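# Understanding the architecture of this molecule
Here is how the chains run, residue by residue.
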Amino acid sequence: MEHTHIDHAIDYIEFTAPNLPTIKKFYGDVFGWSFQDWGDEYASFSDGRVDGGFARGAAKTGAGPLVILYSSGLEATQEKVKAAGGLITKDTFSFPGGRRFHFADPAGNELAVWSDK
């Protein structure tokens, strides 16, 4: 699941799902998505154009998926988010393959920004 990351573009979409094998079977059977497991709590997917993932947890009914943007300079992007009136909702944390933070835009929409750098 390799694709080119474009700075400040939507790069990844993350959903929650209580049962990862069931959700993988659904999207694999219906849409032909491919998956990579990252332990028991996370599976990434590729639909051939956009990558994303499923985190084990209760589905966010009504809240929608988490849209994740890519940044080649995570700290600088975080400062821009704050300067523009965004609220950091989850400080930068590491995960296999990179780091990310979450923020709320002025309308209250939660997004995340990640970097492999």
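Below, the structure is looked at part by part.

What counts and how
Think of each chain on its own: its residues are numbered from 1, step by step along the sequence as written. With the structure being a predicted model, the display of local features is reserved for residues of pLDDT at least 70 and the display and counting of side-chain atom pairs for 80 or more, all residues being used for whole-chain, interface and lining totals. No hydrogens and no water enter the side-chain calculation; it runs on all heavy atoms of the structure. Here's how the labels work: a residue is buried when its accessible area is under 20% of the maximum for its type, exposed when over 50%, partly exposed in between, all with a 1.4 Å probe on protein chains only. Only DSSP runs of H or I with at least four residues qualify as helices, and only runs of E with at least two residues qualify as strands; both kinds are numbered from the N terminus onward. Here, strands pair whenever DSSP counts at least two bridges between them. A pair of Phe, Tyr and Trp rings is counted when the ring centres sit within 6.5 Å of each other, with Trp represented by its six-membered ring. The angle between the planes then sorts it: under 30 degrees is stacked, over 60 is edge-to-face, the rest tilted. Should any heavy atoms of two residues lie within 4.5 Å, those residues are considered in contact.

So, about the pairing of strand S5 (residues 66-70). Taking burial as the measure, the 5 residues of S5 include 4 buried ones, the bulk of the element. Two elements, strand S1 (residues 10-17) and S5, share 4 bridges in a ladder whose sense is antiparallel. For tyrosine 12, the partnering residue across the bridge sits in S5 and is isoleucine 68. With 4 bridges connecting them, S5 and strand S8 (residues 110-115) associate as parallel partners. For isoleucine 68, the partnering residue across the bridge sits in S8 and is alanine 112.

This next bit is on the pairing of S1. If a strand is regular, its side chains alternate between the two faces of the sheet. Summarising the sheet, S1 and strand S4 (residues 51-56) pair through 6 bridges and their orientation is parallel. Paired with glutamate 14 across the two strands is glycine 53, which belongs to S4.

By the definition in use, this model includes 11 aromatic pairs. Taken together, a centroid distance of 5.4 Å and an interplanar angle of 40° make the contact between phenylalanine 45 and phenylalanine 54 tilted. This pair shows no difference in class: phenylalanine 45 is buried, exactly as phenylalanine 54 is. In this structure an aromatic cluster arises from ring pairing among Phe15, Phe26, Tyr27, Trp33, Phe45 and Phe54.

Residue position: glutamine 78 is located in helix H2 (residues 74-83). For glutamine 78, the residues in contact, after removing those within four places along its chain, are Ile88, Thr92 and Phe101.

Treat this as a map of the structure, not an account of what it does.
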